[in-house]
Amino acid sequence: MAFFDTVIRNGTVVTASDTMVCDVGIKNGRIVALGEHIEEGSTEIDATDLLVLPGGIDSHVHLEQPTSDGSVMADDFESGTRSAACGGNTMVIPFSLQERGESLLNSVQEHHDRASGKCHIDYALHAIITDPSEQALVKDLPEIVKGGITSVKIFMTYENMALNDAEIFRVMEATRHVGALTMVHAENFDAIRQMTERLERAGHTGPRGHADSRPIVVEREATHRAISFAELVDVPLFVVHVSGGDVIEQIEWAKRRGLPIYAETCPQYLTLTADDLDSMPTEGAKYVCSPPPRDVANQEACWDALARGVFSTFTSDHCPFVYASDTGKQIKGAQESFKYVPNGIPGVETRLPILFSKGVSEGRITLNDFVALTATNHAKIYGMYPQKGSIAIGSDADIAIWDPKKRVTLTQDILNHNCDYTPYEGMTLTGYPVVVMVRGRVVAKDGKPAGEPGYGEFVSRGRSSLVPDR
Ligand code: URP
Ligand code: ZN
Ligand code: ZN
């Protein structure tokens, strides 16, 4: 009987720090050997001329999240993790949303129930706090941290979600107390409302108004404010979905001052622009997300910051709504004003191939940077390293084998999400994942699902590498 369950033979193994040609031996779901000419496995995979990378971890996705406007997310935990697997991911971290007036503990339990038994790949949860009551912060938060949810997202915009300054301050104090990481969606809600009214009065109600109502200054201002509060409360802060140069300047300003401020960016800020929201007649709704895509100069600023290590992670912010549906992008009212179009675009399946092609294949970032930005740093920052995020002895065998030469044109019909469009339709890429395995079991092959719902397990997370042990 073979010693290993699976051997991946003769591939180029890449971690965040090293690149080596070797075999990978897998037993009982974990990596147990790395070396030349290792013993036989029950299953042998020939990875000659292929890359063997840690499976992608997408630490910013929205699945089956409740909404307050009648819109319905296109992907649940089943379809969202299926799509993620086909795009080279072995783990996702979706959000558990506490609705206003709802108990934080209940909201987490509800999301556990939605996810349990459905996922194709492993998953964890972040908690969104929209109602920072005494009960939520003092009683419930410590419980959810004990249950392995060690990061909290807060919003500075959106009706029914935006926290005021005092609330932001209190959430940060609470996360400091329990050793959780605070993540922030930084956009100034009041300014966006004023801008929206101004645009509507002038008759600019089409999807492009979404981008015009929230120019980068509203993101820059909120980012600066959030950084300032984090400094006052003395907590690390993770700024999500950064869209361009002015915000990057704020992040770098904070880093220069020695503050523990970290950030991510997403494919939409590298490849789309606000002009896409002008697509006729209302197709621009397909690109409505917040913050909105900016312009080419801001795309370049994001690429430059990725290459210089300003961003710690690269995520999709997958937030899928069907376009041709009255519970999706064309929800009632959406013809009247952009403000009714649900915010968010699909991208969990396309995140890695886009960064691989436009980043690695086109020479903007190294392969090791790619691994750090898409897997290893997520595992460290969200408290799962070295179980997840690396190819190392003892780590879970979460592996994506890539063909760096494979040419793929992204089209809706090759994708596996439940959305009816991709914002990246027609984009031709070089490099695609060909085999994806979670804990040693193949979950996707050649861009198609090969596993089953329910195989993915909840991963209880520990303390973030960014949060000091006080
Ligand atoms: O437009 C977006 N990004 N929707 C998802 C929710 C969020 O703000 O992350
Ligand atoms: Zn957000
Ligand atoms: Zn998001």
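Scroll up to find the structure.
Residues numbered from 1 in each chain as written. Chains lettered and ligands numbered in written order. Predicted model: local features only at pLDDT ≥ 70, side-chain atom pairs only at ≥ 80, totals over all residues. Heavy atoms only, no water.

S.K.: Which residues make up the overall build of the protein chain, and what values do they have?
M.R.: Along the protein chain, the regular secondary structure elements total 12 helices and 18 strands. Relative to its length of 470 residues, the protein chain is compact, with a C-alpha radius of gyration of 21 Å against a globular reference of 23 Å. Across its three principal axes, the protein chain shows a C-alpha extent of roughly 70 × 50 × 40 Å. Looking at the protein chain residue by residue over its 470 residues, the buried ones come to 62%. Of all intrachain contacts in the protein chain linking residues separated by at least 6 positions in sequence, the fraction that spans at least 24 positions is 77%. As displayed, the protein chain offers around 17,100 Å² of accessible surface, 48% of which is attributable to carbon and sulfur atoms. Separation of charge centres in the protein chain, based on 43 positive and 64 negative side chains, amounts to 3 Å. (Helix = DSSP H or I, 4+ residues; strand = E, 2+ residues; numbered from the N terminus. Rg over C-alpha atoms; globule rule 2.2 N^0.38 Å. Buried < 20%, exposed > 50% of the residue type's maximum accessible area, 1.4 Å probe, protein only. Contact = heavy atoms within 4.5 Å. Areas by Shrake-Rupley, 256 points an atom, 1.4 Å probe, with all protein chains shown as cover. Lys, Arg positive; Asp, Glu negative; His and termini not counted. Charge placed at Lys NZ, Arg CZ, Asp CG, Glu CD.)

S.K.: Requested: an account of helix α2 (residues 104–115), with residues and values cited.
M.R.: Compared with an ideal rise of 1.5 Å per residue, which puts 12 residues at 16 Å, α2 spans 17 Å between its outermost C-alpha atoms and is within 8% of the ideal. Restricting attention to buried positions, one finds in α2 the residues L104, S107, V108, H111, H112, R114 and A115. Here the buried residues of α2 occupy an arc of 160 degrees about the axis, which is enough to place them on one side. Check the buried side of α2 and you find it contacts α1 (77–86), β7 (89–97), β8 (122–123), β9 (126–128) and α3 (134–146). N-capping of α2 is provided by S103, with a side-chain oxygen placed 3.3 Å from the backbone N of L105. One or two positions beyond α2, positive phi appears at G117, with a value near 75 degrees. (Expected span 1.5 Å × (residues − 1). Arc of directions from axis to C-beta. Polar contact = N/O pair within 3.5 Å; in protein donor to acceptor, adjacent residues only side chain to side chain.)

S.K.: Residues and numbers for the coordination of the zinc ion (ligand 3), please.
M.R.: For the zinc ion (ligand 3), every protein donor is listed as H60 (NE2), H62 (NE2) and D317 (OD), and the spread of their distances is 2.0 to 2.1 Å. The sequence pattern describing where the donors of the zinc ion (ligand 3) fall on their chain is H-x1-H-x254-D. (Donors = N, O, S within 2.8 Å, 3.2 Å for Na, K, Ca; no water.)

S.K.: Could you give an account of the coordination of the zinc ion (ligand 2), naming the residues involved and the relevant values?
M.R.: Within the first shell, the zinc ion (ligand 2) binds the protein through K153 (NZ), H185 (ND1) and H241 (NE2), at distances of 2.1 to 2.3 Å. The motif formed by the donor residues of the zinc ion (ligand 2), counted along the single chain, is K-x31-H-x55-H. Between the zinc ion (ligand 2) and the zinc ion (ligand 3) the interatomic distance comes to 3.8 Å. Here K153 is found in strand β10 (residues 151–155), whereas its partner H241 is found in the loop between β12 (237–239) and α8 (245–256), with 88 residues between them in sequence. Its relative accessible area of 1% is what places K153 among the buried residues.

S.K.: Describe the pattern of salt bridges, naming the residues involved and giving the relevant values.
M.R.: One pass over the full model with this rule turns up 32 salt bridges. The salt bridge involving R114 is made with E110; its shortest N-O contact spans 3.6 Å. Separated by four residues within a single helix, R114 and E110 lie in helix α2, roughly one turn from each other. Note on E110: relative accessible area 32%, which makes it partly exposed. A salt bridge links R176 to D234, with the shortest nitrogen-to-oxygen separation between them at 2.9 Å. Here D234 lies in the loop between α7 (216–233) and β12 and R176 lies in helix α4 (residues 165–178), a separation of 58 residues in the sequence. For D234, a relative accessible area of 41% corresponds to the partly exposed category. (Salt bridge = Lys/Arg side-chain N within 4 Å of Asp/Glu carboxyl O.)

S.K.: Tell me about α4, and please be specific about residues and values.
M.R.: Each turn of an α-helix holds 3.6 residues, which means side chains three or four residues apart point in the same direction. Taking 1.5 Å per residue, 14 residues should reach 20 Å; α4 reaches 20 Å between its end C-alpha atoms and fits that length. Turning to α4, its buried residues are E167, I168, V171, M172, A174, T175 and V178. Each buried residue of α4 lies within a common arc of 165 degrees when the element is viewed along its axis, so the set occupies one face. Backbone nitrogen of A166 and a side-chain oxygen of the N-cap are separated by 3.1 Å at the start of α4; the cap is N164. After α4 finishes, the residue G179 shows a positive phi value of roughly 75 degrees.

S.K.: How would you explain the side chain of N343 if you had to name every residue and give the values?
M.R.: Inspection of the secondary structure assignment puts N343 in the loop between β14 (313–314) and α11 (351–361). A distance of 2.5 Å separates the side chain of N343 from the side chain of S290, its partner in a polar contact. Side-chain polar atoms of N343 contact the backbone oxygen of V341, separated by 3.1 Å. Setting aside its immediate chain neighbours within four residues, N343 contacts Y158, H210, R214, V288, C289, S290, C319, F321 and K329.

S.K.: Mind laying out the pairing of strand β5 (residues 51–54), listing which residues take part and the relevant values?
M.R.: Of the strand pairs in this sheet, strand β1 (residues 4–14) and β5 are connected by two bridges, and their pairing is parallel. For V13, the partnering residue across the bridge sits in β5 and is V52. Judged from the four bridges that link them, β5 and strand β15 (residues 399–409) form a sheet pairing that is antiparallel. Within the sheet, the bridge partner assigned to P54 lies in β15 and is I399. (Pairing = 2+ DSSP bridges.)

S.K.: How would you sum up the site of ligand 1? Please name residues and give values.
M.R.: Close to ligand 1 lie 13 residues, the nearest being K153, Y158, H185, S290 and D317. Within the backbone of S290, an N or O atom sits 2.7 Å from an oxygen atom of ligand 1. G344 places a main-chain nitrogen or oxygen 3.2 Å from an oxygen atom of ligand 1. A per-class count over the shell around ligand 1 returns four nonpolar, seven polar and two charged. (Near = heavy atom within 4 Å. Nonpolar A, V, L, I, M, F, W, Y, C, P; charged D, E, K, R; others polar.)

S.K.: Could you give me a rundown of the packing of α11 against helix α12 (residues 367–381), with the residues and numbers involved?
M.R.: Closest axis-to-axis distance for the α11/α12 pair is 9 Å, and the angle between their directions is 155 degrees. It follows from the interaxial angle that α11 and α12 lie roughly antiparallel. The interaxial crossing formed by α11 with α12 has right-handed handedness. Contact residues: R351, L352, L355, F356 and V360 in α11; L367, F370, T374 and H378 in α12. Grouping the constituent residues of the contact of α11 with α12 by class yields six nonpolar, two polar and one charged. (Axes fitted to C-alpha atoms, helices over the stretch in contact; angles between N-to-C directions. Parallel < 35°, antiparallel > 145°, perpendicular 65-115°, else oblique. Left-handed = near helix turned anticlockwise from the far one by under 90°.)

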